[in-house]
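Observations on the model geometry
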Amino acid sequence: MQITAVILAGGRGMRMGGVDKGLVDYQGKAMVAHVLARIQPQVDQVIINANRNFDIYPSYGAPVVTDATDQFNGPLAGFQAGLAHAQTDWILTVPCDSPLLPLDLAARLSQAIRDSNTLVAIARSASGDHPVFCLLHRSLSADLDAFLNDGQRRVSGWQARHSPAFVDFEDEQAFTNINHPQ
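Summary of the structure given here.

A closer look at the overall build of the chain
On a plain count of helices and strands, the chain comes out with 5 helices and 9 strands. What you see in the chain, going N to C, is helices and strands ordered as β-β-β-α-β-β-α-β-α-β-β-α-α-β. Relative to the globule expectation of 16 Å for 182 residues, the C-alpha radius of gyration of the chain, 15 Å, shows essentially globular dimensions. In terms of overall dimensions, the chain has a C-alpha envelope of 40 × 35 × 30 Å along the principal axes. For the chain, with 182 residues in total, the buried portion stands at 51%. Considering only intrachain contacts with a sequence separation of at least 6, the fraction spanning at least 24 residues in the chain is 71%. Surface exposure of the chain reaches about 8,500 Å², of which carbon and sulfur atoms provide 47%. Each charge class in the chain can be summarised by its mean position, and for the 13 positive and 18 negative side chains these summaries are 3 Å apart.

Quick look at the structure:
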């Protein structure tokens with residue numbers, strides 16, 4: 001199974017005062033650099049989905065793709081951009097503001113795909129589902145386009161249409177989502 005990781009850095013960062021969360025410093029490096037370092041060894045390719053700071057993101061060495069519209073339509077717009085640009089049949093989406101993501105995320109989600117014969121696998125921990133930590137097949141692209149064209153934006157709402165597999169992770173800290181400067 002060949003996988004392209006799509007780092008979702010296309011949001012407005014409203015909970016952080018409108019800053020680009022992927023570029024926020026975390027322990028001396030931009031959060032996107034932490035995410036890239038953790039996800040790159042797990043996959044065949046990496047794409048960064050961003051909608052601003054086009055002069056900075058290419059310096060991380062991964063292709064940068066934008067949403068299809070300039071409306072900041074949420075994570076599903078990043079999924080859509082990744083599906084449109086990936087060279088592989090599978091994409092693994094991860095948020096740019098979770099610099100501690102699991103080092104075995106791709107392996108465990110792909111095993112769940114094989115075991116359950118589904119097209120979507122989602123990470124879960126004791127605190128709940130983590131729908132943006134998702135492995136999905138490119139054949140779902142047209143359905144995602146239709147969902148977005150209908151004005152829908154809820155990630156878990158779209159995923160539920162495809163009987164996803166859920167993979168339990170014990171390390172709660174791996175899914176820490178940094179939404180505030182402090």
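Things to note about the packing of aromatic side chains
The description of an aromatic ring pair rests on the distance of the ring centres and on the angle between the ring planes. Taken as a whole and assessed by the stated rule, the structure comprises 3 aromatic pairs. Between Tyr-57 and Tyr-60, the ring centres sit 6.5 Å apart and the planes meet at 50°, which makes this aromatic pair tilted. Judged by its relative accessible area of 25%, Tyr-60 falls in the partly exposed class. Both rings, one in Phe-133 and one in Phe-175, keep their centres 4.9 Å apart while their planes meet at 85°; by these two values the pair is edge-to-face.

A short note on the packing of helix 2 (residues 75–85) against helix 4 (residues 141–149)
Contact pair helix 2 / helix 4: the axes reach a minimum separation of 10 Å and the direction vectors enclose 145°. Viewed along their axes, helix 2 and helix 4 form a crossing whose handedness is left-handed. Residues Leu-76, Ala-77, Phe-79, Gln-80 and Leu-83 of helix 2 form the contact with helix 4, whose own contacting residues are Ser-141, Leu-144, Asp-145, Phe-147 and Leu-148. Classifying every residue of the contact of helix 2 with helix 4 by side-chain character gives 7 nonpolar, 2 polar and 1 charged.

Observations concerning the pattern of salt bridges
Scanning the model with the defined rule gives 4 salt bridges in all. Two residues, Arg-108 and Asp-104, come together in a salt bridge whose shortest N-O distance is 3.9 Å.

Let's talk about the environment of Gln-159
With respect to the helices and strands, the residue Gln-159 is situated in helix 5 (residues 155–160). For Gln-159, a relative accessible area of 1% puts it in the buried group. For the pair formed by Gln-159 and Leu-140, sequence separation is 19 residues and the distance between their alpha carbons is 10.0 Å. Here the side chain of Gln-159 touches Pro-131 through a polar contact of 2.8 Å, landing on its backbone oxygen.

Overview of helix 4
Leu-144, Phe-147 and Leu-148 are the residues of helix 4 that are buried. The arc that holds every buried residue of helix 4, seen down its axis, measures 95°, which confines them to one face. Away from its buried face, by an angle of more than 90 degrees, helix 4 presents the exposed residues Ala-142 and Asn-149. Looking at the packing, one finds that the buried side of helix 4 touches helix 2 and helix 5. Following helix 4 by one or two positions, Gly-151 adopts a phi angle in the positive range, close to 85°.

Regarding the sheet that holds strand 6 (residues 90–95)
If you trace the 7 strands from one edge of the open sheet to the other, you get 5-4-1-6-8-7-9, paired in mixed fashion. Since the sheet does not close on itself, it has two edges, and those belong to strand 5 (64–65) and strand 9 (165–168), each with one partner. Pairing geometry for strand 1 (residues 3–9) and strand 4 (residues 45–50), over 6 bridges, is parallel. Bridged to Ile-7 within strand 4 is Ile-48. Packed onto the sheet, helix 2 meets strand 1, strand 4, strand 5, strand 6 and strand 8 (128–137) and runs at close to 20° relative to strand 8.

About the criteria used
- Residues numbered from 1 in each chain as written.
- Predicted model: local features only at pLDDT ≥ 70, side-chain atom pairs only at ≥ 80, totals over all residues.
- Heavy atoms only, no water.
- Helix = DSSP H or I, 4+ residues; strand = E, 2+ residues; numbered from the N terminus.
- Rg over C-alpha atoms; globule rule 2.2 N^0.38 Å.
- Buried < 20%, exposed > 50% of the residue type's maximum accessible area, 1.4 Å probe, protein only.
- Contact = heavy atoms within 4.5 Å.
- Areas by Shrake-Rupley, 256 points an atom, 1.4 Å probe, with all protein chains shown as cover.
- Lys, Arg positive; Asp, Glu negative; His and termini not counted.
- Charge placed at Lys NZ, Arg CZ, Asp CG, Glu CD.
- Phe/Tyr/Trp six-rings, centres within 6.5 Å; stacked < 30°, edge-to-face > 60°.
- Axes fitted to C-alpha atoms, helices over the stretch in contact; angles between N-to-C directions.
- Left-handed = near helix turned anticlockwise from the far one by under 90°.
- Nonpolar A, V, L, I, M, F, W, Y, C, P; charged D, E, K, R; others polar.
- Salt bridge = Lys/Arg side-chain N within 4 Å of Asp/Glu carboxyl O.
- Polar contact = N/O pair within 3.5 Å; in protein donor to acceptor, adjacent residues only side chain to side chain.
- Arc of directions from axis to C-beta.
- Pairing = 2+ DSSP bridges.

Everything listed here is a matter of coordinates, which is why it stays silent on function.
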